[in-house]
Every structure is written in C-alpha cells, then in structure tokens.
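# Residue-level structural notes
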Amino acid sequence: MIRGRIGVALVMDHPAQQFTRGLQLLAAEPDVKAQVYYWSAAQQVHDAEFDRLISWDTDLLGGYAWAAAPPGRSLFRRLRWLISQLRQARPDVLVCYGWASPIARMSIIYCMLTGSRLLLYGDSTWQHSSGGRHRVLRSAALRILMRLCAGAVSTGTFNREFYIRHGMDPYRIRPGICPADTESFGSARAGRTEAPAASGEPLRIGFAGKLVQRKGVDELLRASALLPRAGNWSVSVIGDGPLMPELRALAGQLGIGDRVTFHGFANTSEMPRLLASFDVVVVPSQRDMRALISIEAMAAGAAIIVSDATAVWGQGDLVEHGVTGLVYPSGNPAALARELSCLLEDRVLLSGLRSRGTERAGGYGPDAFARTLACAARTCAATGKGREQ
C-alpha cells in the first residue's frame with residue numbers, strides 16, 4: 001500500500017515541446033510527486049532528418065522538476081548518474097517513455113533488479129514493429145518485458161494492440177494519450193474563417209513535417225497533380241530537409257509548380273497560425289507513429305487526411321474514417337487524390353470533418369495527458385507488481 005504522495009519518475013531521452021505543458025500539469029497534481037529524468041537537455045541539437053541545428057523557440061523545461069545527465073560524460077558515467085538519481089528518489093512508479101534508447105533500457109534493467117514498479121509509455125505499434133533483421137530476438141525480449149513490468153499506458157488503438165501481441169494482459173493496459181498543445185492551436189483557429197461554403201472557393205491543402213522519404217511528400221505532390229486543373233486549390237509544404245530540391249523539381253515536372261508553395265522550416269511558435277490557415281492537412285507518411293501534426297492540425301480547425309501507415313487512426317482513435325478525418329492506403333496517390341477531390345467538391349463534408357475533428361482533438365491536450373498518466377500511476381502503485389514501500 002502506498003501512503004501519501006505517489007512518487008513518479010518519468011524517464012525520457014530529451015525534452016519535447018508537446019509534453020511540456022502536460023508535465024507542468026502533472027507536477028500540479030496534489031497527490032503526485034513527479035520528477036523527469038532526461039538523457040540530454042541540450043538547448044540546441046542537430047536533427048539528422050532536418051539536416052540542421054534545431055533550437056526550439058519555446059521553454060521546454062520550466063514549471064516541473066527535472067534533471068539531466070551532465071553533458072560530455074561517457075556512456076558509463078551517464079548510466080551511473082541515472083542509477084544514482086533513481087536510488088536516491090526511490091520512486092513508487094517509474095514511467096519509461098519507449099524501450100529502445102539507452103536511458104530507457106537502463107531504467108528497465110534498474111526496475112528488474114530492484115523490483116520497482118515499471119509502467120511503459122510510448123507510441124510503438126504492431127504494424128511498425130513486426131519486421132526487421134532481429135525480429136525474433138526483439139519479439140522474445142518484448143514478451144519477457146511485458147510479463148515483468150507492472151503495466152502500460154496505451155496511446156492509441158495500434159499501440160494497445162502492440163502491448164497485447166507481445167503478451168501483456170489487457171487488464172494491465174491503462175488508457176492514455178500522446179498530447180499536443182491544443183490550446184495554442186485552438187486559439188489560432190478562433191481567428192480564421194470557416195470552411196469555404198461553395199465548391200468554387202479555394203481549397204487550401206497543407207503539409208507540415210520533415211522533407212525526408214518516409215514522410216511521403218512526393219505522394220502528396222503526385223496526388224495533387226491528379227486533381228482537376230480547373231479546380232481552385234493550392235498546396236503549401238511547411239518544413240525542411242534533404243529532399244527539398246528534389247521535391248521542388250518534382251512539382252515542376254508534374255506541372256503544378258504554380259500551385260505549390262514551399263514555406264521552409266517553421267519553429268514552434270509559428271505552427272498554430274500556419275496550420276490554422278489550411279482547410280485540409282495531409283499526413284502521407286510511409287511510416288509514422290502518433291504523428292503529432294495530426295492532433296495539431298485538427299485542433300487548428302483543418303480537416304485531416306492520413307495514410308494507413310500512420311498510427312493515429314482506428315475505431316475510437318484520433319482519426320475515424322468519414323467521421324473525424326479520412327484515411328487512404330499508403331503508396332496510392334490516386335486514392336489520396338480521390339479523397340482530396342471529395343473535399344474539393346463537397347464542402348459540407350469538409351465542414352463536418354473540421355468540426356468533428358476539432359472536437360475529437362480536444363481530448364488530446366496536456367490536461368488529458370496529465371490526468372490519464374496520473375490515474376495510471378495511481379492504479380499501478382496500488383495494484384501493480386513491484387516493491388512495497
């Protein structure tokens with residue numbers, strides 16, 4: 001039995017803008033004492049996919065308790081730092097974000113050796129974790145992990161199935177979310193116009209993300225080239241990356257260079273305004289997990305179209321086809337073009353997807369993250385496997 005405040009340690013690789021407000025709200029829970037441990041808290045990092053140094057223009061570390069491994073230390077010294085921190089804190093529940101990074105693996109080993117309650121949290125999905133060179137070995141390791149940990153927080157339909165497929169008892173899976181800053185994007189929505197009422201009005205199509213192969217921007221361009229040339233539509237691509245020159249050239253080759261605008265990199269504070277300017281946002285990824293941009297776009301008032309290679313769709317999930325968004329088969333530009341054509345011609349459908357999507361996105365904000373994670377930690381502390389305090 002846990003008495004008093006529940007000590008919760010969250011172990012993450014690095015700070016992320018979508019978690020900041022949620023962590024602040026979690027820290028304000030009266031019966032939870034939360035502490036976040038980062039492998040690195042560097043203010044500027046090199047992003048290999050953006051191919052540039054990134055420094056987010058919002059505060060990612062204020063309003064909650066955190067600690068980070070001292071920079072420049074060897075792997076061994078960083079691991080020793082983490083173990084020292086955990087031994088001193090002796091948390092009732094350790095929440096591990098993911099399971100493949102060095103800090104996650106060391107935390108898992110620590111819980112196994114000390115009998116501490118381990119709660120898994122992440123966005124791994126069954127359709128993106130069933131392949132690879134070490135598939136059998138990885139599957140066996142995950143089955144052992146699922147049996148040893150106290151439980152997991154599911155962040156979507158496919159994430160829940162991932163835990164179950166690797167042997168976790170469904171009763172030990174608590175519902176949760178991967179959050180977005182829905183307040184900021186909702187505020188930007190308040191200042192924009194409603195969806196065009198007539199099919200002749202412009203349809204503003206947007207994409208936001210890294211310009212790398214797995215994000216599928218070329219698929220969006222090929223689909224756009226299949227739209228009626230007489231139709232009033234445009235495409236804006238927000239983001240940067242190594243494929244920028246290739247994608248610019250492709251737009252020209254497809255004869256839609258005059259319809260496509262490449263905005264370039266946009267930082268955190270710019271995104272709400274940019275996403276609120278679109279009628280529809282497309283997420284054509286060839287491989288993606290929770291795709292944060294989906295929540296942000298819906299909160300900003302845009303209709304959403306996602307490929308089935310993302311993990312944000314399914315019954316009861318963020319995107320339900322024809323209800324809160326549209327889903328098309330990845331790798332099929334013609335199918336994506338058909339969905340875009342529907343929205344170009346049927347503005348009633350567009351308006352309905354926007355309003356229902358906005359309502360659904362409201363359940364994926366920082367308050368929901370703090371509430372569901374705190375609830376999972378309480379349940380885990382009361383009933384889960386682990387050391388009694």
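Residues numbered from 1 in each chain as written. Predicted model: local features only at pLDDT ≥ 70, side-chain atom pairs only at ≥ 80, totals over all residues. Heavy atoms only, no water.

### Examining the pattern of salt bridges
Summed over all chains, the structure comprises 6 salt bridges. Close ionic contact of Arg204 with Asp279 constitutes a salt bridge, the shortest N to O distance being 3.0 Å. With Arg204 in strand β10 (residues 203-208) and Asp279 in the loop between α9 (271-276) and β13 (280-283), the pair connects residues that are 75 residues apart, well separated along the chain. Residue Glu320 pairs with Arg360 through a salt bridge whose shortest N-O separation is 3.0 Å. With Glu320 in the loop between β14 (303-307) and β15 (326-328) and Arg360 in helix α12 (residues 347-361), this pair connects stretches of sequence that are 40 residues apart. In this structure Arg360 comes out as partly exposed when scored by relative accessible area, which is 24%. (Salt bridge = Lys/Arg side-chain N within 4 Å of Asp/Glu carboxyl O. Helix = DSSP H or I, 4+ residues; strand = E, 2+ residues; numbered from the N terminus. Buried < 20%, exposed > 50% of the residue type's maximum accessible area, 1.4 Å probe, protein only.)

### Examining the nonpolar core
Counting residues in hydrophobic clusters, the biggest one holds 61 residues, and the most contacted among them are Leu10, Met271 and Leu275. For this core, the element with the highest residue contribution is helix α13 (residues 366-383), accounting for 9 residues. Beyond its immediate stretch of four places on either side in the chain, Met271 contacts Phe185, Ala208, Ile238, Ala266 and Ile293. Within the second largest apolar cluster, 35 residues are counted, among which are Leu220, Ile256, Ala303 and Ala337. (Core = buried A, V, L, I, M, F, W, Y, C linked by side-chain atoms within 4.5 Å. Contact = heavy atoms within 4.5 Å.)

### Details of the sheet that holds strand β5 (residues 66-68)
Read from one edge of the open sheet, 7 strands run β5-β2-β1-β6-β7-β8-β9, paired in parallel fashion. One side of each edge strand has no neighbouring strand; the edge strands of this open sheet are β5 and β9 (173-175). Strand after strand, the sheet turns through a mean of 25° between neighbouring axes, direction not considered. Two strands pair when backbone bridges link them, and strand β6 (residues 93-97) and strand β7 (residues 117-121) are joined in this way by 5 bridges, in the parallel orientation. Across the sheet, Leu94 pairs through a bridge with Leu118, a residue of β7. Sitting on the sheet, α13 is in contact with β1 (6-12), β2 (32-38), β6, β7, β8 (151-154) and β9, with an inclination near 150° to β7. (Pairing = 2+ DSSP bridges. Axes fitted to C-alpha atoms, helices over the stretch in contact; angles between N-to-C directions.)

### With respect to the pairing of strand β11 (residues 233-238)
Burial analysis of β11 places 5 of its 6 residues in the buried class, which makes it a mostly covered element. Pairing of β10 with β11, which is carried by 6 bridges, proceeds in the parallel orientation. Residue pairing in the sheet places Gly206 in a bridge with Ser236 of β11. Running through helix α7 (residues 217-224), the crossover from β10 to the neighbouring parallel element β11 is right-handed. Here β11 pairs with strand β12 (residues 260-264) via 4 bridges, running parallel. Its bridge partner being in β12, Ile238 is matched across the sheet by Gly264. Handedness of the crossover joining β11 and β12 through helix α8 (residues 244-253): right-handed. (Right-handed = clockwise from strand over helix to strand, strands pointing away.)

### Some thoughts on the packing of α7 against α8
Remark: α7 packs on α8, axes separated minimally by 10 Å, with the N-to-C direction vectors making an angle of 10°. On the basis of the axis angle, α7 is roughly parallel to α8. Residues Val217, Asp218, Leu221 and Arg222 of α7 touch α8, and the partners they reach there are Leu247, Leu250 and Ala251. The residue inventory of the contact of α7 with α8, partitioned by class, reads 5 nonpolar, no polar and 2 charged. (Parallel < 35°, antiparallel > 145°, perpendicular 65-115°, else oblique. Nonpolar A, V, L, I, M, F, W, Y, C, P; charged D, E, K, R; others polar.)

Shape is all these values report; function is a separate question.
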